[in-house]
Amino acid sequence: MNREQPVSLAVVEAVAEREGIPAEKLEPPLHDAIQTDALDALFDPVDSDRLPASLEFTYNGYVVSVEGSGGVSLEAVDGKDANRTDPRPNDVPYC
């Protein structure tokens with residue numbers, strides 16, 4: 001990943017590449033799954049002493065893993081949760 005590139009853009013590009021479509025054609029948009037400003041701020045390389053070890057969330061049928069280095073990996077979600085964009089388990093009440 002290009003460390004000058006926001007993590008949110010890296011996620012969108014990775015999913016689009018896996019799907020074989022242009023990034024602008026991805027539906028739903030990434031911000032429907034996660035707050036992109038918060039994601040980018042969390043992995044901001046300016047404060048590298050405070051970077052998280054990793055973060056996982058689901059988006060567009062994939063479990064997206066973002067490592068502290070900013071690397072993005074995707075794993076296809078199996079079964080009924082493939083369209084789920086909320087990273088919380090089903091049994092956790094929403095606030």
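In the block above lies the structure referred to throughout.
Residues numbered from 1 in each chain as written. Predicted model: local features only at pLDDT ≥ 70, side-chain atom pairs only at ≥ 80, totals over all residues. Heavy atoms only, no water.

## Some words on the overall build of the protein chain
In step 1: On a plain count of helices and strands, the protein chain comes out with two helices and three strands.
In step 2: For the protein chain, the succession of helices and strands along the chain, N to C, is α-α-β-β-β.
In step 3: Total accessible area computed for the protein chain in this model is approximately 6,200 Å², and 48% of it derives from carbon and sulfur atoms. (Helix = DSSP H or I, 4+ residues; strand = E, 2+ residues; numbered from the N terminus. Areas by Shrake-Rupley, 256 points an atom, 1.4 Å probe, with all protein chains shown as cover.)

## Overview of the sheet that holds strand S1 (residues 54-59)
In step 1: The antiparallel open sheet is built from three strands, whose spatial order is S1-S2-S3. Edge positions in the sheet fall to S1 and strand S3 (72-76), since each has one partner strand and no second. On average, each strand axis in the sheet is tilted by 20° relative to the strand beside it, whichever way the strands run.
In step 2: When strand S2 (residues 62-67) meets S3, the two strands line up antiparallel, connected through five bridges. Looking at S3, one finds that Val66 is bridged to Val72. (Pairing = 2+ DSSP bridges. Axes fitted to C-alpha atoms, helices over the stretch in contact; angles between N-to-C directions.)

## Topic: the nonpolar core
In step 1: Val11, Phe57 and Tyr59 are the most contacted members of the largest nonpolar core, which has 18 residues in total.
In step 2: Elements with a minimum of two residues in this core: helix H1 (7-19), S1 and S2. (Core = buried A, V, L, I, M, F, W, Y, C linked by side-chain atoms within 4.5 Å. Buried < 20%, exposed > 50% of the residue type's maximum accessible area, 1.4 Å probe, protein only.)

## What about the pairing of S1?
In step 1: In this structure, S1 lies alongside S2, joined through six bridges in antiparallel fashion. Note that in S2 the partner of Phe57 across the bridge is Val64.
In step 2: In sequence, S1 turns back onto S2 through a hairpin of two residues, with Asn60 there showing a positive phi of about 55°.

## What about unusual backbone geometry?
In step 1: Cis rather than trans, the peptide bond between Glu27 and Pro28 has omega equal to -5°.
In step 2: Structurally, Pro28 can be placed in the loop between H1 and helix H2 (36-42).
In step 3: Even without a glycine there, the phi angle at Asn60 is positive, about 55°.
In step 4: Residue class for Asn60 comes out partly exposed when judged on its relative accessible area of 23%.

So yeah, pure geometry; function would need other evidence.
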